[in-house]
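Observations on chain architecture
This is what each chain is made of:
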Amino acid sequence: MESPAPPDSNAPSPTIAYSLRGSCYLNVTSRCTLRCTFCPKFNHSWNVGGVDLHLRREPTIAEVLAAVGDPRVYREVVFCGLGEPTLRLYDLLDIAAELHQRGAERVRLNTDGLANLVYERDVTPDLEGLSISMNAQNEKIYNLHCRPSLPRSYPAMLEFAERARDFVADVTLTAIDGLAGVDISACERIARRLGVKFRRRILDQVG
Ligand code: SF4
């Protein structure tokens, strides 16, 4: 497996940003609205693909930008760590805007798709490039694996994907192959019905 490495050895913390397969991944928070049973951090590990993602504190906007360095060297910059990036939505939007100012080709967000539920408004017009963790073909299996803290998380996540389709150019729903009871084909059919793309993920693989 390709070894991820911090993109800038002078960055304030190597866990804020790391490069993998030509992309730069950003780890901006450890907070989550889910408590996924398959999550490394709920299984006594903060290590994903050889990278320690244990933030001692949330990095500032300036620290995140410093950790990225020159965004033009990456094919994309992705908000994706061991936490839900939209819990820092306004910082995320500021960081994304600045990355574009600095010439970033594409900024993508890996999300649980619960931001509309959390902020009680439609935030999808503010976003671009989304990978949304659907994780299951129904609420029962979703709740089993994702253990959401907010009621109605599963339908809210699907509504988020449907709303995003109208504003965001690239929306992909994802599900992890190999989790008990998860029917990948059924997940793919849901994505198709909602008019968004689908990607099958492998457990513990960043992307
Ligand atoms: S949403 Fe991601 S970081 Fe949060 S608990 Fe689930 S797998 Fe872990």
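A brief structural summary. (Residues numbered from 1 in each chain as written. Predicted model: local features only at pLDDT ≥ 70, side-chain atom pairs only at ≥ 80, totals over all residues. Heavy atoms only, no water.)

Here we come to the packing of aromatic side chains. Considering all chains together, one arrives at three aromatic pairs under this definition. Pairing Tyr18 with Tyr25 gives two aromatic rings, centres 5.7 Å apart and planes at 20°, and the pair type is stacked. As far as burial versus exposure is concerned, Tyr18 and Tyr25 are alike and both buried. (Phe/Tyr/Trp six-rings, centres within 6.5 Å; stacked < 30°, edge-to-face > 60°. Buried < 20%, exposed > 50% of the residue type's maximum accessible area, 1.4 Å probe, protein only.)

Turning to the site of the ligand, a few remarks are in order. Residues in contact with the ligand, as listed here, are Cys32, Leu34, Cys36, Phe38, Cys39, Phe42, Leu82 and Gly83. Along the lines of polarity and charge, the residues of the shell around the ligand split into seven nonpolar, one polar and no charged. (Near = heavy atom within 4 Å. Nonpolar A, V, L, I, M, F, W, Y, C, P; charged D, E, K, R; others polar.)

This brings us to the environment of Leu127. Within the fold, Leu127 resides in the loop between α3 (115-119) and β7 (130-133). Those residues within four positions of Leu127 in sequence are excluded, and the remaining contacts are Leu89, Leu92, Leu93, Leu109, Phe160 and Val168. (Helix = DSSP H or I, 4+ residues; strand = E, 2+ residues; numbered from the N terminus. Contact = heavy atoms within 4.5 Å.)

Moving on: the pattern of salt bridges. Taken as a whole and assessed by the stated rule, the structure comprises 17 salt bridges. Asp70 serves as the salt-bridge partner of Arg72, at 3.0 Å between the closest nitrogen and oxygen. You can call Arg72 exposed: its relative accessible area is 59%. With a shortest N-O distance of 3.5 Å, Arg165 and Asp166 are connected by a salt bridge. Residue class for Arg165 comes out partly exposed when judged on its relative accessible area of 33%. (Salt bridge = Lys/Arg side-chain N within 4 Å of Asp/Glu carboxyl O.)

Coordinates in, geometry out; function isn't part of it.
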